[in-house]
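Chain residues, written in single-letter form:
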Amino acid sequence: MLAKKFRLPVNTFPVKARIFYRGGHFTIKTSFNSLTYNRVGVIATKKTAAGAVERNRLRRKIFDLFRETTRLRFAEGTDLLVLIKPIKLDRDAEEKLFKELNLVKSRLHQVSSIRSGKN
């Protein structure tokens, strides 16, 4: 699980944030904060998963996926908000969601290496 320090309180996220990625299963918005580390927030609605247990399991998996992203230096002090689209997530749709999230995560790593001067 992602440490509480790196979790974003989603109710404080700005409404007019920049969209970093928009895909078939989710949208990622970014906003700068005044901290020296990155934070990640996830919003999963009842339309995505009917039960709270399913939504929380999905959030935990996404937090685990972005665990090392909190240490990236692509823009120190950046908030990432993952908005899961309201589609029913069966086993196949969930696999596609995490495959797409891994692609976005690799894109974040590429942006990080470009900005820090690593190749």
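What you see is a predicted model; the values in this text were computed from it and never measured.

A tally of helices and strands in the protein chain yields two helices and four strands. What you see in the protein chain, going N to C, is helices and strands ordered as β-β-β-α-β-α. Partitioning the intrachain contacts of the protein chain with sequence separation of at least 6 by distance along the chain shows that 80% fall at a separation of at least 24. Accessible surface computed for the protein chain: about 7100 Å², of which carbon and sulfur atoms make up 53%.

All right, on to the confidence of the model for the protein chain then. Across the protein chain, pLDDT averages 80, with 84% of residues at or above 70. Long-range and interchain partners of residues 114-119, a stretch whose pLDDT sits below 50, account for three contacts in this model, where long-range means more than four residues apart.

Inspection of every chain in the model, using the stated rule, returns two aromatic pairs. Between F6 and Y37 the ring centres are 5.5 Å apart and the planes differ by 90 degrees, which places this aromatic pair in the edge-to-face class. Taken as a pair, F6 in the segment before β1 (18-22) and Y37 in the loop between β2 (26-32) and β3 (39-43) lie far apart in primary sequence, 31 residues in all. Y37 matches F6 in its accessibility class, with the two residues each being buried. On the basis of an interplanar angle of 35 degrees and a centroid distance of 5.5 Å, the ring pair of Y21 and F26 is categorised as tilted.

Its place among the elements puts R55 in helix α1 (residues 52-65). No salt bridge forms around the buried R55; measuring N to O, its nearest opposite-charge neighbour E54 is 7.2 Å away. Here R55 is in contact with A44, T45, K46, A49 and A50, once residues within four sequence places are set aside.

The next subject is the pattern of salt bridges. When the charged atoms of two side chains with opposite charge come close together, those side chains can pair. Here the structure, examined in full by the defined rule, presents three salt bridges. A salt bridge links E94 to K61; the nearest nitrogen and oxygen atoms lie 3.0 Å apart. Of the two residues, E94 is situated in helix α2 (residues 91-116) and K61 in helix α1; the sequence distance between them amounts to 33 residues. Relative accessible area serves as the criterion here: at 35%, K61 is assigned to the partly exposed category. Through salt bridges with shared partners, a single network forms among R57, K61 and E94.

What follows covers the pairing of strand β4 (residues 78-84). Most of β4 sits out of view: six of its seven residues are buried. Across seven bridges, β2 lies against β4 in antiparallel orientation. Bridging across to β4, F26 finds its partner in I84. The pairing of β3 with β4 spans five bridges and is classified as parallel. Its bridge partner lying in β4, I43 is registered against L83.

Thresholds applied
- Residues numbered from 1 in each chain as written.
- Predicted model: local features only at pLDDT ≥ 70, side-chain atom pairs only at ≥ 80, totals over all residues.
- Heavy atoms only, no water.
- Helix = DSSP H or I, 4+ residues; strand = E, 2+ residues; numbered from the N terminus.
- Contact = heavy atoms within 4.5 Å.
- Areas by Shrake-Rupley, 256 points an atom, 1.4 Å probe, with all protein chains shown as cover.
- pLDDT = per-residue confidence, 0-100.
- Phe/Tyr/Trp six-rings, centres within 6.5 Å; stacked < 30°, edge-to-face > 60°.
- Buried < 20%, exposed > 50% of the residue type's maximum accessible area, 1.4 Å probe, protein only.
- Lys, Arg positive; Asp, Glu negative; His and termini not counted.
- Salt bridge = Lys/Arg side-chain N within 4 Å of Asp/Glu carboxyl O.
- Pairing = 2+ DSSP bridges.

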